[in-house]
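What the coordinates show
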Amino acid sequence: NCSVNPISALARLDCGQIADAGNPDGAALVRALVGEALAVGAAVDPALRPARGAEEILAMYRGRAGLVPSMLQDVEAGRPTEREHILRPLAELGARKGGPTPAL
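The present account deals with the structure reproduced in this document.

1. Structural notes on the environment of Val-75
Relative to the helices and strands, Val-75 is located in helix H5 (residues 70–77). On the basis of relative accessibility, which here comes to 24%, the residue Val-75 falls in the partly exposed class. Spatially, the C-alpha atom of Val-75 lies 9.5 Å from that of Ser-8, the residues being 67 residues apart in sequence. Beyond its immediate chain neighbours, meaning those up to four positions away, Val-75 contacts Ala-9, Arg-12 and Thr-81.

Take a look at the structure:
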């Protein structure tokens, strides 16, 4: 949720467009966001372990054009997004644990 969802809302791209092999910027952003989330998760005790890493997320969404994440649905409908619930806790925890989270 912390990777594809916000990228989709900002770039107005669906999951398949973000993960498409022809979109290296989308893949780089997914890797950056997941990397930061992993670092934050590793900094707490007990460590949080994600269900999927960046490469698994990208592989899962490749070829899935038309799959529209909830944040993009919110943006398109003019509703507030879930960013405060999805991204803020990770960024705040990263700040408390001394880990930079510029992508988050």
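This is not the end of the story, as more comes after the structure.
2. Focus: the nonpolar core
In terms of nonpolar packing, the biggest core is built from 24 residues, with Cys-2, Val-4, Val-30, Ile-57, Tyr-61, Leu-90 and Leu-104 touching the most fellow members. Counting only elements with at least two residues in this core, the list comes to helix H1 (4–11), helix H2 (15–19), helix H3 (24–43), helix H4 (54–61) and helix H7 (88–96).

About the criteria used
- Residues numbered from 1 in each chain as written.
- Predicted model: local features only at pLDDT ≥ 70, side-chain atom pairs only at ≥ 80, totals over all residues.
- Heavy atoms only, no water.
- Helix = DSSP H or I, 4+ residues; strand = E, 2+ residues; numbered from the N terminus.
- Buried < 20%, exposed > 50% of the residue type's maximum accessible area, 1.4 Å probe, protein only.
- Contact = heavy atoms within 4.5 Å.
- Core = buried A, V, L, I, M, F, W, Y, C linked by side-chain atoms within 4.5 Å.

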